[in-house]
Structures are given as C-alpha cells and as structure tokens.
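Residue-level listing of the chains:
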Amino acid sequence: MSDNQKRHTAAPAPARKGSFILENQKSLVFIIGGIVVLVLLYIGYQRFYLAPRAETAADQLFKAETYATVDSLQQRAIDGDGSYPGFKEIADEYENTKSANIANAYLGGLYLRQGKYQEAVNALEKYSNTGSIVLDPLVIGLLGDAYSELKDYKKAASYYKKASEKNPNNFTSPLLLKKLGLVYEAQNDFKQALEAYKRIQSDYPESQEATSIESYIARAEARL
C-alpha cells in the first residue's frame, strides 16, 4: 500500500475555483484503494466469528469483493452476476449483520468511483463503526468525499473533521486533515484551512502529507 500513499509533492498553485475538486480527486483514488484492501483484511478476520446466518452472507460477500478489485467488473460487484449476489443485495438481505455493514462500505466507495454521489451517501450513512482504527475514519472520510462532490462543503467539512478526530493515527488523520483544509479553502475560510494544515505539521510530522504541507500553509496564509 506504500506506493499508493505517494502523492505529488510539488508546491500547489494558488487556490482557484475548481482547485479543490482536482486535489480531492487525487486523494479519492487513494482512499478508495485503501478501503478495498482494508475490507478484504477485515472480512478475512471477521469470518471466523460470525453466526451461521451472517456466515452465509460472508461467503456470498467473497465473490462480490473479488469483482470489486477489477475495474471492469465493479458493476457485478454491486448488482451480482446471476449466481452470486452483489453488495446491494447483501446489504439489504442480511441487514444488521457485519457483512451487510461492510457491503455498505464497499457500495459507498464504488458509487463514488462511478460518480453516483447521492447513492454513495445513502450507502455510507448505513455503515456502523466496527472498532477498526483505520476503516472507521476512512468510511467517514468517504462521506466527506461524497458531500464535497455534491458541493455541500459545509457537510463535507463536518465529516472530514469528525474523521480526522476518529481514532487519531499517523495514516488516516493527516490525510483527512488535508481534505478538511482543502474544503475550507473551497469555502474561502482560509483561517480554518490554515489551522488544519498546521495540525498536520505539528501533530503528524512523519506523515506523507507533512512532506508538502508547508506550501499549503503558505497558500492559506497568503489568502488571509
């Protein structure tokens, strides 16, 4: 996963209309990639602790998640292939199981990739915390991504803030703080953008985001 974490480190251009969306799309590819890997690991672990009904759902989930990793087959992951159900059916049929919960996380990520942002919101809002220090904040962050694409920047900021404070760690927190700063810039709130960027610098100096954050700080300061 380390290769996926490498992001462009050149100084960003001055903030302009549309620049947030460009920056956000770069991060979106990474965060969805992270969801796919983390879900696969999570299901592999949880499979051994499921009740019989939920175990059936987990077995069916396996086929859908294999489709989710192949771009050309992702619609099958959502709708199924005629023999195995997709994430949508699993989420509905096995509601209140752990597998349905993970299916909603998958659905949200896949809908985001398809540009179906309201559908992504609908799926992701059904997700319940699993206790995972990485997966939980990433899913909350995906809600921020969906709302940012819907241009509801106020809601996007609230989800990015919540996600950045959920189980603070050197992996998800700085990524989400950067998204928070970018969405504040989209609202011309450069003071709060600056605060978000400076938190990356002070609290997560060893993170990938910290390597280029000085240029974002300078940009926000120049707009105050």
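Residues numbered from 1 in each chain as written. Predicted model: local features only at pLDDT ≥ 70, side-chain atom pairs only at ≥ 80, totals over all residues. Heavy atoms only, no water.

A look at the overall build of the chain
A tally of helices and strands in the chain yields 11 helices and 0 strands. In the chain, which comprises 224 residues, the share counted as buried stands at 51%. A fraction of 59% describes how many contacts in the chain between residues 6 or more apart in sequence connect residues 24 or more apart. For the chain, the accessible surface area stands at approximately 10,900 Å², while carbon and sulfur atoms represent 49% of it. (Helix = DSSP H or I, 4+ residues; strand = E, 2+ residues; numbered from the N terminus. Buried < 20%, exposed > 50% of the residue type's maximum accessible area, 1.4 Å probe, protein only. Contact = heavy atoms within 4.5 Å. Areas by Shrake-Rupley, 256 points an atom, 1.4 Å probe, with all protein chains shown as cover.)

Let's talk about the nonpolar core
Phe87, Leu107, Leu180, Val183 and Tyr197 are the most contacted members of the largest nonpolar core, which has 54 residues in total. Element by element, the count of residues in this core is highest for helix 5 (residues 98-114), at 8 residues. (Core = buried A, V, L, I, M, F, W, Y, C linked by side-chain atoms within 4.5 Å.)

Comments concerning the packing of aromatic side chains
Evaluated as defined, the whole model comprises 3 aromatic pairs. Arranged with centres 5.6 Å apart and planes meeting at 5°, the rings of tyrosine 147 and tyrosine 159 form a pair that is stacked. Residue tyrosine 147 is located in helix 7 (residues 135-149), and its partner tyrosine 159 is located in helix 8 (residues 153-165); the two are separated by 12 residues in the primary sequence. Here the aromatic rings of tyrosine 197 and tyrosine 216 are separated by 5.6 Å at their centres, their planes lie at 55°, and the arrangement is tilted. Here tyrosine 216 lies in helix 11 (residues 213-222) and tyrosine 197 lies in helix 10 (residues 190-203), a separation of 19 residues in the sequence. Overall, the relative accessible area of 0% leaves tyrosine 197 in the buried class. (Phe/Tyr/Trp six-rings, centres within 6.5 Å; stacked < 30°, edge-to-face > 60°.)

Description of the pattern of salt bridges
This structure, assessed with the given rule, holds 6 salt bridges. Of the charged contacts in the structure, one is a salt bridge between lysine 88 and aspartate 79, with a shortest N-O distance of 3.5 Å. When its relative accessible area of 38% is taken as the criterion, lysine 88 is described as partly exposed. Exposure remark for aspartate 79: the relative accessible area of 43% places this residue in the partly exposed category. Across the pair aspartate 145 and lysine 179 runs a salt bridge whose closest N-O atoms are separated by 2.7 Å. (Salt bridge = Lys/Arg side-chain N within 4 Å of Asp/Glu carboxyl O.)

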